[in-house]
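Each chain, letter by letter, is given below.
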Amino acid sequence: MSEVIMGRIGQEGEGFSVRCEILEDKIKGRAGSRLHGKNIELEITESGVQGKVGDQAVSVALEAGELRGTIGDQPLTLRGVDRVTGRFGEPIIGWDITAQQNGDHLEGRLGSTVLGRPFSLELAGAPGWVGVLVALVAFYALEPRASAKAG
């Protein structure tokens, strides 16, 4: 039996949906619509998460109590399990991350109050950090500012 992580990145009318199925240690789904979207394929390993979004690699490993790695060409650092904070992108042009899990619901924000994007996901039993990672992968896939160097 599989569980489904689903939700939205950004405001109604300007954001996009995310839907991913959890099959044991694999997360497969889609960010955005059928026409304008990208597939997400992740695998949770003993040391972190590996996979891809569209044709870009995702590689995150647990180091000194933090998840560190890259989504495409952008560096990522996450701290916490149900209250997650971190940074995505370069020091000057990047996004601060804050998120809070409440039961199976995750609310968070990527970036500043003015230029950032809120996100909201139903976690289907997954820990908050998994939801944040799915949100970041979706954001990278569909937000032009996040993947500008990806080509």
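One structure accompanies this document, and this report is about it. (Residues numbered from 1 in each chain as written. Predicted model: local features only at pLDDT ≥ 70, side-chain atom pairs only at ≥ 80, totals over all residues. Heavy atoms only, no water.)

### Some details on the overall build of the protein
Here is the rule: Helix and strand labels come from DSSP, where a helix needs a run of H or I of at least four residues and a strand needs a run of E of at least two; each type is numbered from the N terminus. Two things to know: the radius of gyration comes from C-alpha atoms, and the globule rule equals 2.2 Å times the number of residues to the power 0.38. With a 1.4 Å probe rolled over the protein chains alone, any residue whose accessible area is under 20% of its type maximum counts as buried; one over 50% counts as exposed, and the rest are partly exposed.
Within the protein one finds one helix and twelve strands. Secondary structure elements in the protein, listed N-terminal to C-terminal, are β-β-β-β-β-β-β-β-β-β-β-β-α. Taking 151 residues into account, the globule formula puts the C-alpha radius of gyration at 15 Å, and the protein, at 14 Å, falls close to it. Projected onto its principal axes, the C-alpha coordinates of the protein cover approximately 40 × 40 × 30 Å. In the protein, which comprises 151 residues, the proportion classed as buried is 41%.

### Comments concerning the pattern of salt bridges
Selection criterion: What makes a salt bridge here is a side-chain nitrogen of Lys or Arg within 4 Å of a carboxyl oxygen of Asp or Glu, nothing more.
A complete count under the given rule lists five salt bridges for this structure. Here Arg87 ties to Asp96 by a salt bridge, and the two come within 3.0 Å at their closest N and O atoms. For Asp96, a relative accessible area of 46% puts it in the partly exposed group. What emerges from the salt-bridge pattern is a single network uniting Glu66, Arg68 and Arg79.

### Thoughts on the sheet that holds strand β8 (residues 74-79)
What counts is decided by this rule: Note on pairing: DSSP must find at least two bridges between two strands before they are called paired. Only C-alpha atoms enter the line fits that serve as axes; for helices the fit covers just the stretch in contact. Angles between N-to-C directions range over 0 to 180 degrees. Only heavy atoms enter the contact rule, under which two residues are in contact if any of them lie within 4.5 Å.
Pairing is antiparallel around the closed barrel formed by twelve strands, whose spatial order is β1-β2-β3-β4-β5-β6-β7-β8-β9-β10-β11-β12. The average undirected angle you get between the axes of adjacent strands in this sheet is 15°. Sheet analysis places strand β1 (residues 3-9) next to strand β2 (residues 16-23), joined by seven bridges and oriented antiparallel. If you follow Ile5 over to β2, its bridge partner there is Cys20. Running at roughly 145° to strand β4 (residues 37-44), helix α1 (residues 128-142) makes contact with β1, β2, β3 (26-32), β4, β5 (48-53), β6 (56-63), β7 (66-71), β8, β9 (83-89), β10 (94-102), β11 (105-110) and β12 (117-122) of the sheet.

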